[in-house]
Amino acid sequence: MAETLTTPLHAAHMALGARMVPFAGYDMPVQYTGIIAESQAVREGAGMFDVSHMARLDLTGENVLSYLEWVTVNDVAKLTDGQGQYSMLPNRHGGVVDDIIVYREGENHYKMVVNASNHAKDVAHLKALNEYGVVIEDETAGTAMIAVQGPTAGGIVAGLSSDKARVDGLAFFETAHVQVAGVDVFAARSGYTGEDGFELVCQAGDAERLWQALLDAGVVACGLGSRDVLRVEAGLPLYGHELNDELSPIAAGLGWVISKEKDFLGCAPIKKARKEGTPQKLQGIRLQSKRVAVPGSPVSVGERVVGEISSGVYSPLLGCGIAFAFIDSSLPQGTDCAVDFRGKPEGGTIVNKRFYKRT
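Computed from a predicted structure; not experimentally measured.

A short note on the overall build of the protein
At step 1: Along the backbone of the protein there are nine helices and 19 strands.
At step 2: Overall, the protein is about 60 × 50 × 45 Å in size when its C-alpha atoms are taken along their principal axes.
At step 3: Counting every position in the protein, which comprises 359 residues, the buried fraction comes to 57%.
At step 4: Considering only intrachain contacts with a sequence separation of at least 6, the fraction spanning at least 24 residues in the protein is 65%.

Notes on helix H8 (residues 224–233)
At step 1: Buried residues dominate H8, accounting for nine of its 10 residues.
At step 2: If you check which residues of H8 are buried, you get Leu 224, Gly 225, Ser 226, Arg 227, Val 229, Leu 230, Arg 231, Val 232 and Glu 233.
At step 3: Check the buried side of H8 and you find it contacts strand E1 (19–23), strand E2 (26–31), helix H2 (35–44), strand E3 (47–50), strand E16 (304–315) and strand E17 (320–328).
At step 4: Within two residues after H8, Gly 235 carries a phi angle of roughly 80°, on the positive side.

Re the nonpolar core
At step 1: By size, the foremost hydrophobic cluster in this structure holds 40 residues, and its most contacted members are Phe 49, Met 88, Tyr 103, Leu 243, Leu 254 and Ile 258.
At step 2: Secondary structure elements with two or more residues in this core: strand E5 (83–90), strand E6 (96–106), strand E9 (143–149), strand E11 (183–188), H8, helix H9 (267–276) and E17.
At step 3: A per-element tally of this core places E17 first, with four residues.
At step 4: Setting aside chain neighbours within four positions, we find Ile 258 in contact with Val 73, Met 88, Pro 249, Ile 250, Phe 264, Ile 270 and Arg 274.
At step 5: Ranked by size, the runner-up nonpolar core spans 31 residues in total, among them Ala 12, Val 148, Leu 200 and Val 219.

Notes on unusual backbone geometry
At step 1: Positive phi, normally seen in glycine, also occurs at Ala 24, with a value near 50°.
At step 2: Within the secondary structure, Ala 24 sits in the loop between E1 and E2.
At step 3: Judged by relative accessible area, Ala 24 falls into the partly exposed class, the value being 29%.

Structural notes on the packing of H2 against H8
Each pair of packed helices gets described by two things: the angle between the helix axes and the distance between those axes.
At step 1: Viewed as axis vectors pointing N to C, H2 and H8 meet at an angle of 55°, and their least axial separation amounts to 8 Å. As summarised for this structure, H2 and H8 are arranged oblique, according to the angle between their axes. For the element pair H2 and H8, the recorded crossing hand is right-handed. Across the interface between the two elements, Ile 35, Glu 38, Ser 39, Val 42 and Arg 43 from H2 touch Gly 225, Ser 226, Val 229, Leu 230 and Glu 233 from H8.
At step 2: A breakdown of the residues in the contact of H2 with H8 according to their chemical character gives four nonpolar, three polar and three charged.

Details of the sheet that holds E17
Within a beta sheet, neighbouring strands are joined by backbone hydrogen bonds and run either parallel or antiparallel to one another.
At step 1: A barrel is described by the order of its strands in space; here six strands give the closed sequence E14-E17-E16-E15-E18-E19, paired in antiparallel fashion. Strand after strand, the sheet turns through a mean of 45° between neighbouring axes, direction not considered.

Brief notes about the environment of Arg 104
At step 1: Of note, Arg 104 is situated in strand E6.
At step 2: Filtering out sequence-adjacent residues up to four positions away, Arg 104 remains in contact with Leu 79, Thr 80, Asp 81, Gly 82, Gln 83, His 109 and Tyr 110.

Topic: the sheet that holds strand E10 (residues 175–180)
At step 1: In space, the six strands of this open sheet follow the order E10-E11-E12-E9-E3-E13, with mixed pairing throughout. A strand with exactly one partner marks an edge of an open sheet, and here the two such strands are E10 and strand E13 (220–221).
At step 2: The pairing of E3 with E9 spans four bridges and is classified as antiparallel. Opposite Gly 47, over in E9, you have Gln 149 as the bridge partner.
At step 3: Contacting E9, E10 and strand E12 (197–203), helix H5 (residues 153–160) runs over the sheet at an angle of about 40° to E12.

Here we look at the pattern of salt bridges
At step 1: Considering all chains together, one arrives at 17 salt bridges under this definition.
At step 2: With a closest N to O distance of 3.7 Å, Asp 75 and Lys 78 form a salt bridge.
At step 3: In this structure Lys 78 comes out as exposed when scored by relative accessible area, which is 52%.
At step 4: A salt bridge links Asp 196 to Arg 189; the shortest N-O distance between them is 2.8 Å.
At step 5: Classification of Asp 196 by relative accessible area gives buried; the value is 14%.

A few points about the side chain of Ser 52
At step 1: Mapped onto the secondary structure, Ser 52 falls in the loop between E3 and strand E4 (55–60).
At step 2: Excluding anything up to four places from it in sequence, Ser 52 contacts Thr 7, Pro 8, Thr 140, Ala 144 and Met 145.

A short note on the packing of aromatic side chains
Geometry of an aromatic ring pair is reported as the spacing of the ring centres plus the angle between the planes.
At step 1: For the structure shown, the criterion picks out five aromatic pairs.
At step 2: Here Tyr 103 and Phe 186 contribute two aromatic rings whose centre-to-centre distance is 5.3 Å and whose plane-to-plane angle is 75°, an arrangement assigned as edge-to-face. Pair noted here: Tyr 103 is in strand E6 and Phe 186 is in strand E11, with a separation of 83 residues, a long-range link.
At step 3: When its relative accessible area of 8% is taken as the criterion, Phe 186 is described as buried.
At step 4: Lying over the aromatic face of Tyr 356, Arg 43 brings its terminal NZ or CZ to 4.0 Å of the ring centre.
At step 5: Here the guanidinium or amino end of Lys 111 rests over the ring plane of Phe 186, the centre of that ring lying 6.0 Å away.

Rules behind the numbers
Residues numbered from 1 in each chain as written. Predicted model: local features only at pLDDT ≥ 70, side-chain atom pairs only at ≥ 80, totals over all residues. Heavy atoms only, no water. Helix = DSSP H or I, 4+ residues; strand = E, 2+ residues; numbered from the N terminus. Buried < 20%, exposed > 50% of the residue type's maximum accessible area, 1.4 Å probe, protein only. Contact = heavy atoms within 4.5 Å. Core = buried A, V, L, I, M, F, W, Y, C linked by side-chain atoms within 4.5 Å. Axes fitted to C-alpha atoms, helices over the stretch in contact; angles between N-to-C directions. Parallel < 35°, antiparallel > 145°, perpendicular 65-115°, else oblique. Left-handed = near helix turned anticlockwise from the far one by under 90°. Nonpolar A, V, L, I, M, F, W, Y, C, P; charged D, E, K, R; others polar. Pairing = 2+ DSSP bridges. Salt bridge = Lys/Arg side-chain N within 4 Å of Asp/Glu carboxyl O. Phe/Tyr/Trp six-rings, centres within 6.5 Å; stacked < 30°, edge-to-face > 60°. Lys NZ or Arg CZ within 6 Å of the ring centre and 35° of its normal.

Keep in mind that these numbers describe shape and distance, not what the molecule does.
Dropping the structure here:
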């Protein structure tokens, strides 16, 4: 069996009494005080997550832009220095190898963040397509990444930074190299909760100092459990649930990410799906109870099975169970449905998958 990995913040999690679970090959905190309390901390103030398990790649070379334009779906050429974009790595068949973030550092220099569960797969995929002489360096082991999220997160990070005005002025998906609490960081105004905030990348040896400074500033330590709740509330997909190698990103509602202007790997089947539609599409389901729908559970309208749950959580914000499901594309939002809980139907309604939107 493969050895379980730990992040540079593992000792800090243990000191806080975190409940640890295996995730993507790492020993990770699923919660500290509790999933509901941690979800509320992010919605009402500021919480932080150790996301060091996510892989961080550095890409350089004279042809790196041409390479990224081919291997990703979004318009990388539209980025300027200090900007990033959400994107995906497509395969030749129009499925998704992974969903990613690409950041431009300079004309011949980009960074990429990919999912922990796809780390080795993504690196192999990128190397197999590298006919452009691009140098791909894996910086994951030598760095750490902390996501600070919530309505007060931006102000806290800016207040701890060496350049408050610059950090305050960053727009969503813009980046800066600054110090936060005396630690050199790559700060990206991004996250996975639907809230404002930053993802901070630092050297592994500085991670505990940065983490402690954020704790001292009032940021609440949060685990993977609340992160999952928050991303479902915000309508954000998780690879392996709403995205995979066989599924068109059009069915997942991610057409807005995909360039209409360029050719890229697997673009023909994706363009076809955009034009013709897909038999099923990702929708939200709001349950009438607090029960948590399990991925794979059938969704029915009347006597007809019309789809399947891909993710389910209890939403403390809404006070009920919410879920994502791939549903027959002909069914409109507002349709009453039922989710199967081991042979017992639980009533719900098909709704927009974005349950929460920050005002």
